[in-house]
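Examining the three-dimensional arrangement
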Amino acid sequence: MKMRMLAFLLALVMMLSLFAGCGKQEETPAPETEQTPAAEPEQTPAAEPADAEFPLAETYTVDAFAFSNTGNELDKTLTMQVMEERTNIHFNLTLVSEAEREEKLNLSFNSGDYYDVYIKSGISAVDAFKYGSQGVIIPLNDLIDQYMPNLKALLDAQDVWNEITSADGNIYALPQLDGPGMAAPSTFINQKWLDAVGKEMPTTPEAYLDVLRAFVNDDPNGNGEKDEYGIYCPSGAVEYTLPVFGVAMDYNTYSMYDGADMIYIPTSEVYKEFLAFWAQAYQEGLINQDCFTATWDDINAIGATSDTLGCIPTWGVYQHVGTERDEDYAPLMPFNGANSVPTSSGVKYGALCITDKCTNPELICKWADYFYCEEGAILARMGVEGETYTVDENNKYHWITDGTWGSDANAVRNSATLYGWYPGPMTKALFFDEGQANPEELFLYQQRLQLLTQAAEPFPSLSWTEDELNEKSVLITTINAYYYEYMAQVITGQLDLEDSWDDYLANMEGMGVARLNEIDKAAYDRWLAEQE
């Protein structure tokens, strides 16, 4: 176990030393920017053979489902416009926001009124297998073999076929390949405010609570008003503080492996302590009171117009407060030296699925395969030279922030490229990292190196049997919904933690949490056996 961890960290540090911009900085919404709309082609059925050359002689239109940030519609991005011109494939996109994504994704499948293609939809491996087993989502194995030479070569070279293969041996979704890195956002704390209130960087939960009180009560921004947030969490972001409490939770299974046992975090004692901390912080007004309904757009608007944010759980602070104030923030390290910063192999699931309604899946696979070569990966992540970035005499690139696509690097990427919140079908362009010159991302790179000194053992991508996945998909539907509801009720004071905890555990047990943990433990044990 220790040797695998050492090998991973060595590979990760070597990669980061070369690639200053790696990570998911784009994953929070960017400010709305003026965009050039794509032309609306005449919709026609597939009329080209699978081996037709791009651009097709006739437009091939597919109905597709995709997540898209407000103001950064995917169909208006430069990447999608260029690809439509290059291939003559038109994606008739139904775009959904984060708030409605999961509900509309499941509704589309369950109603039978589903789409030809799901791109950047956030579909999970469990759901992909579920609908794949029903024959709705088609297997991609043969299509990858015949029509995706770029992806096939990468999967061979990185030896990660197993991370995208379901228990029945089928591949139901294309991946985003990013390489080793952080597996979850980190918590960043306002160092300038720490200095202003005379506090040290907190190293215990008690000290952290004391810092949050000072942030809210002692006017660290110096404007004479009580307008500071100790920490601001959009909906879903409270969980991103788990690593500072020593919890390296895998966000796919909600579990942690301690070297001897699989621990389902939402029923653990450390999770109870985590809930108690944030319930007290909420009661004292140290966290935003809409932390279960606020959006990333909300925190971006606050950060852009005021100096009121003490702590931010995020991939990169400059996304929210801009490039002039991002260096005021430092990473909050795990308390008591815990190695609990989640890391991953960088294989992100669910970038693109194709259903049996698609009349020519071969063309979609050929379209996507371009993004798995260097030239296509640059288009997917960076856009077009001369429109979204320039290259200097030292072969370093600089984002164009005074043009059509946005006023900073984050805005340009969100409005112009395929890279963003949910995985898209692409690999990491070497130039994206090797040509990096953006000072904010270089600063963020140094912060991530600091965080990785307390990295946890990477949690592997597990493979379940068909029976296990069928059972698991039923269990997690009710368990995860109840777990999140309980977290919100306890933190916001609707339920008392001590009075309700035993009932919560009993309810979780009745919903089958022990069986869920048993299934995941069996899959983990099989993975361990394969490593020997």
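Everything below is about the structure printed above this text.
In short, a report on the structure. Keep in mind that what you see is a predicted model, and the values were worked out from it rather than measured.

Once that is clear, we can look at the overall build of the protein. Helix and strand counts for the protein come out as 19 helices and 15 strands. Burial status across the protein gives 57% buried among its 532 residues. The contacts of the protein with a sequence gap of at least 6 include a subset with a gap of at least 24, amounting to 78%. A total accessible area of about 21,400 Å² is found for the protein, and carbon and sulfur atoms account for 48% of it.

Looking now at the sheet that holds strand β6 (residues 186-190). Taken in spatial order, the 3 strands of this open sheet run β9-β6-β10, and their pairing is antiparallel. Edge positions in the sheet fall to β9 (311-314) and β10 (329-331), since each has one partner strand and no second. For this sheet the average axis-to-axis angle between neighbouring strands, irrespective of direction, equals 30 degrees. Note that β6 and β9 share 4 bridges and pair antiparallel.

In this structure, Phe109, Tyr208, Val238, Tyr271, Phe274, Leu275 and Trp278 are the most contacted members of the largest nonpolar core, which totals 108 residues. It is helix α17 (residues 466-491) that provides the largest number of residues to this core, a total of 10 residues. Counting 60 residues, the second-largest nonpolar core is a separate cluster that includes Ile354, Tyr372, Leu418 and Tyr419.

Along the chain, the position of Ser121 falls in the loop between β3 (117-119) and α4 (125-133). Within the structure, Ser121 has its side chain in polar contact with the backbone nitrogen of Ile123 (distance 3.3 Å).

What follows deals with the environment of Met182. Looking at the secondary structure, you find Met182 in strand β5 (residues 181-182). C-alpha separation for the pair Met182 and Val341, spaced 159 residues apart in sequence, amounts to 7.7 Å. Ignoring any residue separated from it by four or fewer positions in sequence, one finds Met182 in contact with Trp315, Val341, Pro342, Thr343, Ser344, Arg448, Leu451 and Leu452.

Our focus in this paragraph is empty space enclosed by the protein. Tallying each qualifying case throughout the model produces 4 cavities of 30 Å³ or more. What the second largest cavity holds in volume is close to 100 Å³. In terms of lining residues, the second largest cavity is bounded by 13 residues, among which Ser68, Asn69, Asn72, Lys120 and Asn414 are the most central. A class-by-class count of the residues in the lining of the second largest cavity yields 5 nonpolar, 7 polar and 1 charged.

Let us look at the sheet that holds strand β15 (residues 426-427). As summarised here, the arrangement of the 6 strands in space is β2-β1-β3-β12-β4-β15, forming an open sheet in which the pairing is mixed. Taken across any chain shown, the strands that pair with only one partner, and hence form the sheet edges, are β2 (89-96) and β15. Of the strand pairs in this sheet, strand β4 (residues 174-177) and strand β12 (residues 347-354) are connected by 3 bridges, and their pairing is antiparallel. Among the inter-strand pairings, Leu174 is bridged to a residue of β12, identified as Leu352.

Of the two faces of β4, the one holding Leu174 and Gln176 and the one holding Pro175 and Leu177 are both buried throughout. As paired strands, β4 and β15 are joined by 2 bridges and run parallel to one another. Bridge pairing in β15 links Leu177 to Thr427.

Turning our eyes to something else, we now look at α17. Spanning 26 residues, α17 covers 37 Å between terminal C-alpha atoms, matching the ideal 38 Å at 1.5 Å per step. At Ile476, α17 shows its largest bend, some 30 degrees.

Attention now goes to the packing of α4 against α17. Contact pair α4 / α17: the axes reach a minimum separation of 10 Å and the direction vectors enclose 115 degrees. Handedness of the crossing formed by α4 with α17: left-handed. In this structure, α4 uses Val126, Phe129 and Ser133 to contact α17, whose residues at the interface are Glu466, Leu469, Asn470, Lys472, Ser473 and Ile476. Each residue belonging to the contact of α4 with α17 can be placed in one class, and the counts come to 4 nonpolar, 3 polar and 2 charged.

Next up on the list: unusual backbone geometry. A cis amide bond links Phe54 to the next residue, Pro55, at an omega of 0 degrees. Following the sequence through the fold, Pro55 ends up in the loop between α1 (2-18) and β1 (60-67). The phi angle at Asp159 is positive, at roughly 55 degrees, despite the residue not being glycine. If you trace the backbone, Asp159 turns up in the loop between α6 (149-158) and β4. Taking the relative accessible area as the measure of exposure, Asp159 reaches 61% and is therefore exposed. Of note in the backbone geometry, Asp219 takes a positive phi value of approximately 50 degrees without being a glycine. When you line up the elements, Asp219 lands in the loop between α8 (205-217) and β7 (255-257). Its relative accessible area of 25% is what places Asp219 among the partly exposed residues.

Moving on: the environment of Leu194. Relative to the helices and strands, Leu194 is located in helix α7 (residues 191-197). A relative accessible area of 0% means that Leu194 is categorised as buried. In sequence terms Leu194 and Tyr329 are 135 residues apart; their C-alpha atoms lie 9.8 Å from each other. Apart from the residues lying within four places of it in its own chain, the contact partners of Leu194 are Ile189, Lys199, Glu200, Met201, Val211 and Phe215.

Attention shifts here to the pairing of β1. With 7 of 8 residues buried, β1 lies mostly within the body of the structure. Both β1 and β2 contribute to a ladder of 8 bridges, which runs parallel. By the bridge assignment for β2, Thr61 is matched with His90. Where β1 lies against β3, 2 bridges are found, and the strand directions are parallel. The residue of β3 that forms the bridge with Ala64 is Val117.

Scanning all chains against the criterion turns up 40 aromatic pairs. Taken together, a centroid distance of 5.7 Å and an interplanar angle of 90 degrees make the contact between Tyr115 and Tyr118 edge-to-face. Looking at Tyr115, the relative accessible area reads 19%, which means it is buried. Look at Tyr397 and Phe431: their rings are 5.3 Å apart centre to centre, the planes differ by 55 degrees, and that puts the pair in the tilted class. Placement of Tyr397 in strand β14 (residues 397-399) and of Phe431 in helix α15 (residues 430-434) is noted, with a sequence separation of 34 residues between them. Given a relative accessible area of 1%, Tyr397 falls into the buried group. A residue is classified by how much of its surface remains accessible, and Phe431, at 13% relative accessible area, is buried. Taken together, Tyr208, Phe245, Tyr254, Tyr271, Phe274, Phe277, Trp278, Phe335 and Tyr483 form an aromatic cluster joined through their ring pairs.

What counts and what doesn't
- Residues numbered from 1 in each chain as written.
- Predicted model: local features only at pLDDT ≥ 70, side-chain atom pairs only at ≥ 80, totals over all residues.
- Heavy atoms only, no water.
- Helix = DSSP H or I, 4+ residues; strand = E, 2+ residues; numbered from the N terminus.
- Buried < 20%, exposed > 50% of the residue type's maximum accessible area, 1.4 Å probe, protein only.
- Contact = heavy atoms within 4.5 Å.
- Areas by Shrake-Rupley, 256 points an atom, 1.4 Å probe, with all protein chains shown as cover.
- Pairing = 2+ DSSP bridges.
- Axes fitted to C-alpha atoms, helices over the stretch in contact; angles between N-to-C directions.
- Core = buried A, V, L, I, M, F, W, Y, C linked by side-chain atoms within 4.5 Å.
- Polar contact = N/O pair within 3.5 Å; in protein donor to acceptor, adjacent residues only side chain to side chain.
- 1 Å grid on protein atoms, 1.4 Å probe; cavity = no way out; pocket = protein on both sides within 12 Å on 5 of 7 lines; lining within 4 Å.
- Points joined across faces, edges and corners; volume = space filled by probe spheres on them.
- Nonpolar A, V, L, I, M, F, W, Y, C, P; charged D, E, K, R; others polar.
- Expected span 1.5 Å × (residues − 1).
- Bend = angle between axes of the 7 residues up to and from the residue.
- Left-handed = near helix turned anticlockwise from the far one by under 90°.
- Phe/Tyr/Trp six-rings, centres within 6.5 Å; stacked < 30°, edge-to-face > 60°.

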